[in-house]
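Survey of secondary and tertiary structure
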Amino acid sequence: MPDESMKYCIGLDLSIKSTGVCVRDTETGKCSYSIIAAKLTKAQHQFKHKNLEFLCYFRDKTSKDDSFAVKEQKKTASVWNVTENIRSIIKKWKKKGRVSCVIEGISYGSSSSAALADLAGLNYAVRCMLMQEGVSFRIAAPMQLKKFAVGNGGADKDMMTDAWKRCQPEMADIAEIKDDDIADAYFLSVWDGE
């Protein structure tokens, strides 16, 4: 039975390639991080940290020879795999206490319409899963999140990562891995905007 006095806020920085997750205990401020990726680098495979786990899922990449239908099936499978990894994290923490989530909203400045469509699909799949799991969630606009984190709505990844490392000095030794996803996830977990 979960301890109802415990509350965890989970920040979700969604991406098909590398999703960042930060689970923050709202009472102690202690954070646990996950990166959900289709492919881990050699450094990520070898990296060990008590507050960070890597979850790897199978991603069947599309090729130029695939038909439209096959490409769409492969993309749908990737969205499903990321969503189910997030569900497993949610379920783990729901056993310990009450859980809420903050998701970074869809960035309409994505580099291509295909990438934007994939991100939108993932974003709404995760929202639906959270509703199924009975988890409340809020959406943070990307520019508002950046302004909250560093005071600049146009902040780049390095600015966000530097600000995160100042807030979480115990995580400063993870430079060899992709840390911008968990930096954003951290600020989502502490975001107080509307």
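So, here's what we can say about the structure. (Residues numbered from 1 in each chain as written. Predicted model: local features only at pLDDT ≥ 70, side-chain atom pairs only at ≥ 80, totals over all residues. Heavy atoms only, no water.)

1. Some points on the overall build of the chain
The cut-off we apply is this: Only DSSP runs of H or I with at least four residues qualify as helices, and only runs of E with at least two residues qualify as strands; both kinds are numbered from the N terminus onward. Values of the radius of gyration come from C-alpha atoms, whereas the globule rule sets the reference at 2.2 Å times the count of residues to the power 0.38. For this analysis, residues touch if any pair of their heavy atoms sits within 4.5 Å. All accessibility values rest on the Shrake-Rupley procedure with a 1.4 Å probe; residue burial counts only the protein chains present in the view. Positive charge is attributed to Lys and Arg, negative charge to Asp and Glu, and no charge count is given to His or to the chain ends. Note that the charge is assigned to NZ on lysines, CZ on arginines, CG on aspartates and CD on glutamates.
Counting its secondary structure elements, the chain contains six helices and six strands. Over its C-alpha atoms the chain spans a radius of gyration of 16 Å, differing by no more than 12% from the 16 Å that the globule rule assigns to 194 residues. Dimensions of the chain, computed from C-alpha atoms along their principal axes, come out at roughly 50 × 40 × 35 Å. For the chain, restricting intrachain contacts to residue pairs at least 6 apart in sequence, the fraction spanning at least 24 positions comes to 59%. Approximately 10300 Å² of the chain is accessible, and the part contributed by carbon and sulfur atoms is 53%. Of the side chains in the chain, 29 bear a positive and 26 a negative charge, and the two mean positions are spaced by 3 Å.

2. Structural notes on the packing of helix H5 (residues 157–167) against helix H6 (residues 180–190)
As a reminder, the rule being used: For helices, the fitted line uses only the C-alpha atoms of the stretch in contact; every axis is such a line through C-alpha atoms, and the angle between N-to-C directions lies from 0 to 180 degrees. Helix crossings fall into two classes, left-handed where the near helix is turned counterclockwise from the far one by less than a right angle and right-handed where it is turned clockwise. Each residue is assigned to one of three groups, with Ala, Val, Leu, Ile, Met, Phe, Trp, Tyr, Cys and Pro labelled nonpolar, Asp, Glu, Lys and Arg labelled charged, and all others, Gly among them, labelled polar.
Direction vectors running N to C along H5 and H6 enclose 65°, while the axes themselves pass 9 Å from each other. At the point where H5 passes H6, the crossing takes the left-handed sense. For the pair formed by H5 and H6, the contact residues are Lys157, Met160, Thr161, Ala163, Trp164 and Cys167 on the first element and Asp180, Ile182, Ala183, Asp184, Tyr186 and Phe187 on the second. Split into classes, the residues belonging to the contact of H5 with H6 amount to eight nonpolar, one polar and three charged.

3. A look at the packing of aromatic side chains
Applied cut-off: Planes of paired rings set the category: under 30 degrees apart is stacked, over 60 is edge-to-face and the rest tilted, where pairs are Phe, Tyr or Trp rings (Trp by its six-membered ring) whose centres lie within 6.5 Å. Only protein chains enter the accessibility calculation, which uses a 1.4 Å probe; a residue whose area is less than 20% of its type maximum is buried, one above 50% is exposed, and one in between is partly exposed.
In the structure shown here, the tally under the stated rule is three aromatic pairs. Between Tyr33 and Trp164, the aromatic rings sit 5.6 Å apart at their centres with planes inclined by 85°, giving edge-to-face as the arrangement. With Tyr33 in strand E3 (residues 31–37) and Trp164 in helix H5, the pair connects residues that are 131 residues apart, well separated along the chain. Trp164 carries the same exposure label as Tyr33, and that label is buried. Ring centres of Tyr186 and Phe187 lie 5.2 Å apart, and the angle between their planes is 70°; this geometry places the pair in the edge-to-face category. Neither residue differs from the other here; Tyr186 and Phe187 are each classed as buried.

4. Things to note about the nonpolar core
This is how it is decided: By convention a nonpolar core is built from buried Ala, Val, Leu, Ile, Met, Phe, Trp, Tyr and Cys residues, the set being connected through side-chain atoms within 4.5 Å.
Ranked by internal contacts, the top residues of the largest apolar core, which has 27 residues, are Tyr33, Leu52, Trp164, Ile182, Tyr186 and Phe187. For this core, the element with the highest residue contribution is H6, accounting for six residues. Ignoring sequence-local partners within four residues, the contact set of Tyr186 consists of Cys22, Cys31, Tyr33, Trp164, Cys167 and Gln168.

5. Concerning the layout of surface pockets
How we decide: Of the two site types, the cavity is a set of points on a 1 Å grid over the protein atoms alone where a 1.4 Å probe fits but cannot get out, and the pocket is an open set with protein on both sides within 12 Å along at least five of seven lines, each lined by residues with an atom within 4 Å of a point. Grid points are joined across faces, edges and corners, and a volume is the space filled by probe spheres set on the points.
Taken as a whole, the second largest pocket encloses approximately 180 Å³ of empty space. Taken together, ten residues make up the lining of the second largest pocket; nearest its centre are Lys17, Ser18, Ala37, Ala38 and Lys39. Its residues assigned to classes, the lining of the second largest pocket comprises two nonpolar, three polar and five charged.

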